[in-house]
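Structural overview for review
Below are the chains, spelled out letter by letter.
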Amino acid sequence: QVRLVESGGGLVQAGGSLRLSCAASGRTFSTYAMGWFRQTPGKEREFVAAISEGGRTTNYQDSVKGRFTISRDNANYTGYLQMNSLKPEDTAVYYCATSPSAWQARLKVINTWGQGTQVTVSS
């Protein structure tokens, strides 16, 4: 129904910044909330941030509040995660996803997952 492709990951030193993009195929992107998640080897995929369909409501995991900003550009079918003041513990594969709502995204009620993009933060 909707295909998501993440990009923008890479290697950055602690304290640096990256912006992840989530490009969606399909005109129905704007009818879904969007979330960002991350996963490290051997660990459960965890919620990072979510944004409502129109972009007016956002929600963040406590550990990234004040450092990460989620946004979306529905006209271009793209979501974003701006990551500032990165820490080594932010190292993970980051995934974007669509969800019926922002609160359901937090609970990992997901319609579609992207393929993931690697973020590595060195100390």
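Keep in mind it's a predicted model, so treat the numbers as computed, not measured.

The subject of this paragraph is the overall build of the protein. What the protein contains, in helices and strands, is one helix and eleven strands. Secondary structure elements of the protein, listed N to C terminal, follow the sequence β-β-β-β-β-β-β-β-β-α-β-β. Its C-alpha atoms give the protein a radius of gyration of 13 Å, within 12% of the compact-globule value 14 Å for 123 residues. Looking at the protein residue by residue over its 123 residues, the buried ones come to 46%. Across the protein, every contact between residues at least 6 apart in sequence was considered, and the portion connecting residues at least 24 apart equals 57%. Accessible surface, the protein: about 6300 Å² in total, of which carbon and sulfur atoms supply 47%. Of the side chains in the protein, 13 bear a positive and 8 a negative charge, and the two mean positions are spaced by 3 Å.

Glancing now at the state of the cysteines. Linking two cysteines covalently through their sulfur atoms gives a disulfide. By the definition in use, this model includes one disulfide. Each sulfur in the disulfide pair Cys22 and Cys96 lies 2.1 Å from the other. Across the S-S bond of Cys22 and Cys96 the torsion is about 65 degrees, and the bridge reads as right-handed. Remark: Cys96 occurs in strand E9 (residues 92-99) and Cys22 occurs in strand E3 (residues 18-25); sequence separation between them is 74 residues. Its relative accessible area of 0% is what places Cys22 among the buried residues. Take Cys96: its relative accessible area is 0%, and that puts it in the buried class.

Before going further, it helps to spend a moment on the packing of aromatic side chains. Two aromatic rings, taken as a pair, are described by how far apart their centres are and by the angle between their planes. Applying the stated criterion across every chain yields a total of three aromatic pairs. Ring plane angle 70 degrees and centroid distance 4.9 Å describe the contact between Phe37 and Trp113, whose orientation is recorded as edge-to-face. Of this pair, Phe37 sits in strand E4 (residues 33-39) while Trp113 is found in strand E10 (residues 112-113), placing the two residues 76 residues apart along the sequence. Owing to a relative accessible area of 0%, Phe37 belongs among the buried residues under this scheme. Where Tyr95 meets Trp113, the ring centres are 6.4 Å apart and the plane angle is 80 degrees; that geometry is what we call edge-to-face.

This part takes up the sheet that holds E3. Strands sit in the order E1-E3-E8-E7 across an open sheet of four strands; the sheet is antiparallel. Edge strands, defined here as strands with exactly one partner in the open sheet, are strand E1 (3-7) and strand E7 (68-73). For this sheet the average axis-to-axis angle between neighbouring strands, irrespective of direction, equals 15 degrees. Pairing analysis gives six bridges linking E7 to strand E8 (residues 78-83), with the strands arranged antiparallel. Bridging from a neighbouring strand, Ile70 pairs with Leu81 of E8.

Thresholds, definitions, all that
- Sequence positions are assigned chain by chain, starting from 1 and proceeding in written order.
- Selection of residues for local features in this predicted model requires a pLDDT of at least 70, selection of side-chain atom pairs for listing and counting requires 80 or more, and totals for whole chains, interfaces and linings are taken over all residues.
- In computing side-chain properties, one takes all heavy atoms of the structure into account and sets aside hydrogens as well as water.
- Here a strand is any run of E in DSSP of at least two residues, a helix any run of H or I of at least four, and the numbering for each starts at the N terminus.
- As a reference, a globule follows 2.2 Å times the number of residues to the power 0.38, and the radius of gyration itself is taken over C-alpha atoms.
- The cut-offs for exposure are 20% and 50% of the maximum accessible area for each residue type, with area from a 1.4 Å probe on protein chains only; residues under the lower value are buried, those over the upper are exposed, and the others partly exposed.
- Every residue pair with non-hydrogen atoms within 4.5 Å of one another is taken to be in contact.
- Surface accessibility follows the Shrake-Rupley procedure with a 1.4 Å probe radius. Residue values consider only the protein chains on display as shielding.
- The convention is simple: Lys and Arg are positive, Asp and Glu are negative, and His and the chain ends are not counted.
- Where a charge lies is defined by one atom per residue type: Lys uses NZ, Arg uses CZ, Asp uses CG and Glu uses CD.
- Defined by distance alone, a disulfide is two cysteine sulfur atoms within 2.5 Å.
- Two aromatic rings from Phe, Tyr or Trp, using only the six-membered ring of Trp, form a pair when their centres are within 6.5 Å; if the ring planes differ by under 30 degrees the pair is stacked, by over 60 it is edge-to-face, and anything between is tilted.
- The pairing criterion for strands is at least two bridges between them, as found by DSSP.
- Between N-to-C directions, angles span 0 to 180 degrees; the directions come from axes that are lines fitted to C-alpha atoms, helices contributing only their stretch in contact.

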